[in-house]
Amino acid sequence: MAAARLHARELRGQGRARARGPGDPGGLRHHAAGVRHGAVGVLRAVLAGRARRVRTTTLLLVLALLWSVAQLPMLWGAAGFGTLLATRVLLGAAEGPASPVAMHHVHGWFPQRERALPTAVLLVGAAAGVAVASPVLTWVIAHCGWRWSFGVVGLAGLLWAVCWRMWGADGPLAPQLPGKPSEAAEQTSTTATVPLRAILLSGTFLTAAFGSFAAYWSMSTMLTWAPDYLESVVGWDLHQAGTMVGLGALAGGAVLLGHGLIARRSARKGTPRRLPPGAGAGLLVTVAGCATAVYGTTDSPAVKVPLMLGPMALAMVMLTVASTACARIAPAASRGVVLGTLTFVYALGGVLSPLVLGGMVDRARSVSAGYEEGWLLTSGLLVTAGVLAALFCRPEATARRLGLPEPAAGSVQQVPVAH
């Protein structure tokens, strides 16, 4: 949490620097960061699309080796800022596509009706990795020096790559490589051909992408700025603020897992839908948006704490629902590039939200007024995205319109994407 606060201060400093003129180094750093994230986003979609021709097991192995190798040069005593910059670019290029490729791989192991829980576990696993690495690397830095923090991460990645090479495998529902048709593919929609443009311009994809963008914006804002907000506006000390933000992150993970378990149980019991697919998630995002508005405008910690641990965490459900919805409207051969594009869109929320809110705090008449405006902007995004998803995110209807048949009974069964 201390690192998050330092990052927040750096972003506020960059905001002040940009206000002094376009030639300021802070503005250049911001522009360079934006270009790098944009390039990584494009690479994310391109490599996810390569899953049509290369097995996802191979892609994940290559990515793991690249991001591991990117860490190890920092063990060299002469490695300086230039080496750090070059290896960070390589790390970003290797890490960026990992999420959609991993999602594509996981979906190859589960039929549509089983994907909600594995998707949630995958998303929670990424956050859990950060939670575990933080104290471990702190200990390594304190006892072995900062260079060995890079070494430990690199060696851990190489160990994972060895394990993956030994036991990693494509699932039975994974799309087959060109020229290798499969019986599973013929029983489902994997052999269907749908123009990518029709998928990406459908109401389901657009509202799912916007909803996940808003949810990721909210999560990034909370992780980056909430410690500073709780200390400078609410009046808590850094330890209290960090603990609260950590509990909020745990609540978001619990929401993801809880939603996945409920969706799985409902699907297996054959519970009838009460809402159209996608509508339930949209309503939850809308509730999260309303809670965010109350959180940003109330002065009572007794109100803020329950909101952080409850309604505001509901927006995370959209990340799972968006992934399963987009997987439903894409043939298996196109699923990788569709999920890569989705990840690119919502990752922009994590890039933009800290910078935008930092600029608002800098320009406001006071820190508290700037934060209030920032929370209300986040609330507006969530409510708008939630209402649009509730109205237009219809994966089953979109799949039928695109000519993707419902999974055959007894093989890959249909499931409500959200409840």
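A brief structural summary. From a predicted model like this one, the values you see are computed outputs, not experimental measurements.

1. Topic: the overall build of the protein chain
Stage number 1. Across its full length, the protein chain holds 17 helices and 0 strands.
Stage number 2. Within the protein chain, residue pairs in contact and separated by at least 24 positions form 81% of the contacts whose partners lie at least 6 positions apart.
Stage number 3. A total of about 18900 Å² of accessible surface is found on the protein chain, and carbon and sulfur atoms cover 68% of it.

2. Some thoughts on a nonpolar patch on the surface
Stage number 1. Taken together, Leu348, Leu352, Val356 and Leu377 make up a surface patch of nonpolar side chains, about 260 Å² in accessible area.
Stage number 2. With 3 residues, helix H15 (residues 332-363) is the single largest residue contributor to the nonpolar patch.
Stage number 3. By the secondary structure assignment, Leu348 is in helix H15.
Stage number 4. The exposure class assigned to Leu348 is partly exposed, which follows from its relative accessible area of 31%.

3. Some points on the packing of aromatic side chains
Stage number 1. Inspection of every chain in the model, using the stated rule, returns 9 aromatic pairs.
Stage number 2. Ring plane angle 50 degrees and centroid distance 5.1 Å describe the contact between Tyr216 and Tyr346, whose orientation is recorded as tilted. Of the two residues, Tyr216 is situated in helix H10 (residues 203-234) and Tyr346 in helix H15; the sequence distance between them amounts to 130 residues.
Stage number 3. For Tyr216, a relative accessible area of 25% puts it in the partly exposed group.

4. Considering the nonpolar core
Side chains of nonpolar character tend, in soluble globular proteins, to be buried together.
Stage number 1. Counting residues in each nonpolar core, the largest one holds 44 residues, and the members touching the most others are Ile199, Phe205, Met318, Cys326, Val338 and Leu342.
Stage number 2. Among the secondary structure elements, those contributing two or more residues to this core are helix H6 (116-144), H10, helix H11 (238-269), helix H12 (279-297), helix H14 (317-328), H15 and helix H16 (367-392).

5. Looking at the side chain of Ser149
Stage number 1. Here Ser149 is to be found in helix H7 (residues 147-167).
Stage number 2. The class for Ser149 is buried, based on a relative accessible area of 10%.
Stage number 3. Once residues lying within four places of it in the same chain are set aside, the contact partners of Ser149 are Leu137, Val140 and Ile141.

6. Concerning the pattern of salt bridges
Stage number 1. Evaluation of the coordinates by the stated rule reveals 1 salt bridge.
Stage number 2. The salt bridge involving Arg328 is made with Glu396; its shortest N-O contact spans 3.1 Å. Placement of the pair is Arg328 in helix H14 and Glu396 in helix H17 (residues 395-401), with a sequence separation of 68 residues.

7. Describing helix H3 (residues 56-69)
Stage number 1. Between its first and last C-alpha, H3 extends 20 Å over 14 residues, near the 20 Å set by a 1.5 Å rise per residue.
Stage number 2. Listed in full, the buried residues belonging to H3 are Thr56, Thr57, Leu59, Leu60, Leu61, Leu63, Ala64 and Ser68.

8. A few points about H12
Helical geometry note: an α-helix holds 3.6 residues per turn, so side chains three or four residues apart project in the same direction.
Stage number 1. For H12, built from 19 residues, the straight-helix expectation of 27 Å at 1.5 Å per residue is met to within 8% by its first-to-last C-alpha distance of 28 Å.
Stage number 2. Those residues of H12 that fall on the buried side of the exposure criterion are Ala279, Gly280, Ala281, Gly282, Val285, Thr286, Ala288, Gly289, Ala291, Thr292, Tyr295 and Gly296.
Stage number 3. Along its buried surface, H12 packs onto H10, helix H13 (301-309), H14 and H16.

9. Points about the environment of Ser334
Stage number 1. Here Ser334 is to be found in helix H15.
Stage number 2. Classification of Ser334 by relative accessible area gives buried; the value is 9%.
Stage number 3. When the C-alpha atoms of Ser334 and Val194 are compared, they prove to be 8.4 Å apart, with 140 residues separating the residues in sequence.

10. Points about the environment of Arg88
Stage number 1. Examined against the element boundaries, Arg88 turns out to sit in helix H4 (residues 81-95).
Stage number 2. The exposure class assigned to Arg88 is partly exposed, which follows from its relative accessible area of 23%.
Stage number 3. Along the chain, Arg88 and Ala70 lie 18 residues apart, while their C-alpha atoms are 7.2 Å from each other.

Cut-offs and rules
Residues numbered from 1 in each chain as written. Predicted model: local features only at pLDDT ≥ 70, side-chain atom pairs only at ≥ 80, totals over all residues. Heavy atoms only, no water. Helix = DSSP H or I, 4+ residues; strand = E, 2+ residues; numbered from the N terminus. Contact = heavy atoms within 4.5 Å. Areas by Shrake-Rupley, 256 points an atom, 1.4 Å probe, with all protein chains shown as cover. Patch = residues over 30% accessible without salt bridge, like charges linked within 9 Å, V, L, I, M, F, W, Y side chains within 5 Å. Salt bridge = Lys/Arg side-chain N within 4 Å of Asp/Glu carboxyl O. Buried < 20%, exposed > 50% of the residue type's maximum accessible area, 1.4 Å probe, protein only. Phe/Tyr/Trp six-rings, centres within 6.5 Å; stacked < 30°, edge-to-face > 60°. Core = buried A, V, L, I, M, F, W, Y, C linked by side-chain atoms within 4.5 Å. Expected span 1.5 Å × (residues − 1).

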